[in-house]
Amino acid sequence: MFALGIDFITGVAVMTDTASREKAEWPPHPARVFMALVAAHYETKPLPEDGSDAKEAWSLERAALEWLEGQGVPQMLWPEASPRDVVKVYVPVNDAGVPQNPARVKESEMRSALGVMPDQRSRQERTFPTLHIDGEGPDRHVHLRWPNAEPSTEILATLTKLALKVTRIGHSSSLALVWVSQ
């Protein structure tokens with residue numbers, strides 16, 4: 001058997017349901033958890049000057065992720081969660097045009113050049129559907145289990161290390177601690 005445990009550290013999960021931008025996803029879809037593992041893998045990609053040990057560890061992580069991908073749909077256990085009110089907020093659009101050479105912007109072009117400043121950009125409506133996870137301590141943990149999965153010692157060790165690199169699941173404010181459990 002192979003299993004992952006998840007604790008949303010703050011007791012809050014911010015994950016938008018794929019069917020409705022106004023609704024929070026609960027429990028976290030296994031694909032979302034897998035994406036968090038993949039993100040942790042790529043966020044720690046070794047640099048060209050890193051040694052062969054770091055590159056080998058990174059290759060092992062990829063192999064472990066491919067193994068996990070092939071295990072199919074896990075069984076899940078999760079606590080109840082209470083949705084919070086969805087509030088619409090307005091955030092600056094990130095794709096504002098940047099002048100090619102900011103040092104040579106003419107006075108007549110200044111207003112458009114200032115468009116890169118957050119307070120000058122147009123705002124886009126966004127929602128961040130949020131849930132409060134009921135329970136305390138282990139009672140609020142999410143578990144994904146693959147009862148028929150038998151990882152090799154190397155894959156188990158690699159996934160154990162990779163799980164500890166995960167910092168969030170869903171929105172960046174959904175701080176999470178992930179671990180391999182047996």
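If you're wondering where the values come from, they're calculated on a predicted model, not measured in any experiment. (Residues numbered from 1 in each chain as written. Predicted model: local features only at pLDDT ≥ 70, side-chain atom pairs only at ≥ 80, totals over all residues. Heavy atoms only, no water.)

Enquirer: Pulling in residues and values, what's your account of the packing of helix H1 (residues 30-43) against helix H4 (residues 153-165)?
Expert: Where H1 meets H4, the axes come as close as 8 Å, and the angle between the chain directions of the two elements is 90°. Viewed along their axes, H1 and H4 adopt a mutual orientation that is roughly perpendicular. Mapping the contact onto sequence places Leu37, Ala40 and His41 in H1 and Leu162, Ala163 and Lys165 in H4. In terms of residue class, the contact of H1 with H4 is made up of four nonpolar, one polar and one charged. (Axes fitted to C-alpha atoms, helices over the stretch in contact; angles between N-to-C directions. Helix = DSSP H or I, 4+ residues; strand = E, 2+ residues; numbered from the N terminus. Parallel < 35°, antiparallel > 145°, perpendicular 65-115°, else oblique. Contact = heavy atoms within 4.5 Å. Nonpolar A, V, L, I, M, F, W, Y, C, P; charged D, E, K, R; others polar.)

Enquirer: Residues and numbers for a nonpolar patch on the surface, please.
Expert: Together, Ile9, Leu164, Leu175 and Leu177 make up a nonpolar patch on the protein surface, roughly 350 Å² of accessible area in all. If you trace the backbone, Ile9 turns up in the loop between strand E1 (2-8) and strand E2 (12-14). (Patch = residues over 30% accessible without salt bridge, like charges linked within 9 Å, V, L, I, M, F, W, Y side chains within 5 Å. Areas by Shrake-Rupley, 256 points an atom, 1.4 Å probe, with all protein chains shown as cover. Salt bridge = Lys/Arg side-chain N within 4 Å of Asp/Glu carboxyl O.)

Enquirer: How would you explain the environment of Lys161 if you had to name every residue and give the values?
Expert: Relative to the elements of secondary structure, Lys161 occurs in helix H4. Residue Lys161 is classed as exposed on the basis of its relative accessible area, which comes to 60%. Linking Lys161 and Glu61, residues 100 residues apart in sequence, is a C-alpha distance of 8.8 Å. (Buried < 20%, exposed > 50% of the residue type's maximum accessible area, 1.4 Å probe, protein only.)

Enquirer: Provide a residue-level description of the pairing of strand E7 (residues 130-133), including the pertinent values.
Expert: One ladder, built from three bridges, connects E2 with E7; its direction is antiparallel. Paired with Ala13 across the strands is Leu131, a residue of E7. With three bridges connecting them, strand E4 (residues 81-83) and E7 associate as antiparallel partners. When the sheet's bridge partners are listed, Ala81 is paired in E7 with Ile133. (Pairing = 2+ DSSP bridges.)

Enquirer: Kindly report on the nonpolar core, identifying the contributing residues and their values.
Expert: Judged by nonpolar contacts, the single largest core of 33 residues is most densely connected at Phe2, Ile6, Phe8, Trp26 and Ile169. Mapped by element, the contributors of at least two residues to this core are E1, H1, helix H2 (52-69), E7, strand E8 (142-146), H4 and strand E9 (176-181). The contact partners of Trp26, leaving out residues within four places of it in the chain, are Phe8, Ala13, Met15, Trp78, Pro79, Glu80, Ala81, Leu131, Ile133 and Val142. (Core = buried A, V, L, I, M, F, W, Y, C linked by side-chain atoms within 4.5 Å.)

Enquirer: Which residues make up the sheet that holds strand E3 (residues 75-77), and what values go with them?
Expert: Either a parallel or an antiparallel arrangement is found when strands of a sheet pair, and the pairing is made through backbone hydrogen bonds. Spatially, the four strands line up as an open sheet ordered E3-E8-E1-E9, and their pairing is antiparallel. Strands with a single pairing partner mark the edges of an open sheet, and in this sheet they are E3 and E9. In this sheet, adjacent strand axes meet at a mean angle of 15° when their direction is disregarded.

Enquirer: Outline the sheet that holds E4, listing residues and values.
Expert: Taken in spatial order, the three strands of this open sheet run E2-E7-E4, and their pairing is antiparallel. The strands lining the two open edges of the sheet, one partner per strand, are E2 and E4. On average, adjacent strands in this sheet sit at an angle of 30° to one another, irrespective of strand direction.

Enquirer: Give a description of the packing of H2 against H4 that names residues and reports values.
Expert: Relative to each other, H2 and H4 sit at 100°, their axes nearing to 9 Å. By the angle class used here, H2 and H4 are roughly perpendicular. In contact with Leu60, Glu61, Ala64, Leu65 and Trp67 of H2, H4 contributes Glu154, Ile155, Thr158, Leu159, Leu162 and Lys165. Residues that form the contact of H2 with H4 fall into these classes: seven nonpolar, one polar and three charged.

Enquirer: Provide a residue-level description of the pattern of salt bridges, including the pertinent values.
Expert: Inspection of every chain in the model, using the stated rule, returns four salt bridges. Among the salt bridges present, the one from Asp7 reaches Arg140, with a minimum N-O distance of 2.9 Å. Pair noted here: Asp7 is in strand E1 and Arg140 is in the loop between E7 and E8, with a separation of 133 residues, a long-range link. For the pair shown, Asp7 and Arg140 are each scored as buried. We note a salt bridge from Arg32 to Glu25, for which the minimum N-O separation is 2.6 Å. Of the residues examined, Arg32 reaches a relative accessible area of 16% and is grouped as buried.

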